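Summary of structural features
Listed below, chain by chain, are the residues.
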Amino acid sequence: QVPLVESGGGSVEAGGSLRLSCVGSRNLNIDSNYTMAWFRQAPGKEREGVGMFTSEPKTTYADSVKGRFTISRDYVKRTLYLQMNNLQPEDTAKYYCAAKKGWAPLLQASFDYWGQGTQVTVSS
């Protein structure tokens, strides 16, 4: 069983938009005390943090996506969203959802649960 499942990836032209979804397993029992985050990894590059939704609650974003990406959360549906606007070729990557009980910094090693990822491709 996969603890987190991402969906919504696809191919778009520069300037386009996509919304990614991440659904948590019932067995994971994700509540408001969990920090949830989005990461991405392009070919030949290290996995990097995109942004996160903390238990405060508060959202934070990497400088590269501020003003273009928005993270939101639906606790009833156990779903985390990533709305991506004005996409650029540099955003092309496989996007991953992650979760951690309590607060965590936006670093790959900080998160315990991961999805399999969903591909986002942006053409110029």
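Here we summarise the structure given alongside this text. (Residues numbered from 1 in each chain as written. Predicted model: local features only at pLDDT ≥ 70, side-chain atom pairs only at ≥ 80, totals over all residues. Heavy atoms only, no water.)

What follows is about the packing of aromatic side chains. Evaluation of the coordinates by the stated rule reveals 4 aromatic pairs. For the pair Phe39 and Phe111, a centre-to-centre distance of 5.6 Å together with 75 degrees between the ring planes defines the contact as edge-to-face. Highlighted residues: Phe39 in strand 4 (residues 34-41) and Phe111 in the loop between strand 9 (93-101) and strand 10 (113-114), separated in sequence by 72 residues. For the pair shown, Phe39 and Phe111 are each scored as buried. (Phe/Tyr/Trp six-rings, centres within 6.5 Å; stacked < 30°, edge-to-face > 60°. Helix = DSSP H or I, 4+ residues; strand = E, 2+ residues; numbered from the N terminus. Buried < 20%, exposed > 50% of the residue type's maximum accessible area, 1.4 Å probe, protein only.)

A separate point is the state of the cysteines. Enumeration over the complete set of coordinates arrives at 1 disulfide. There is a disulfide in this structure between Cys22 and Cys97, and the S-S distance comes to 2.0 Å. As the torsion about the S-S bond is roughly -75 degrees, the Cys22-Cys97 disulfide counts as left-handed. One end of the pair, Cys22, is in strand 3 (residues 18-24); the other, Cys97, is in strand 9, and 75 residues separate them in sequence. Here the two residues Cys22 and Cys97 agree in accessibility, since each one is buried. (Disulfide = S-S within 2.5 Å.)

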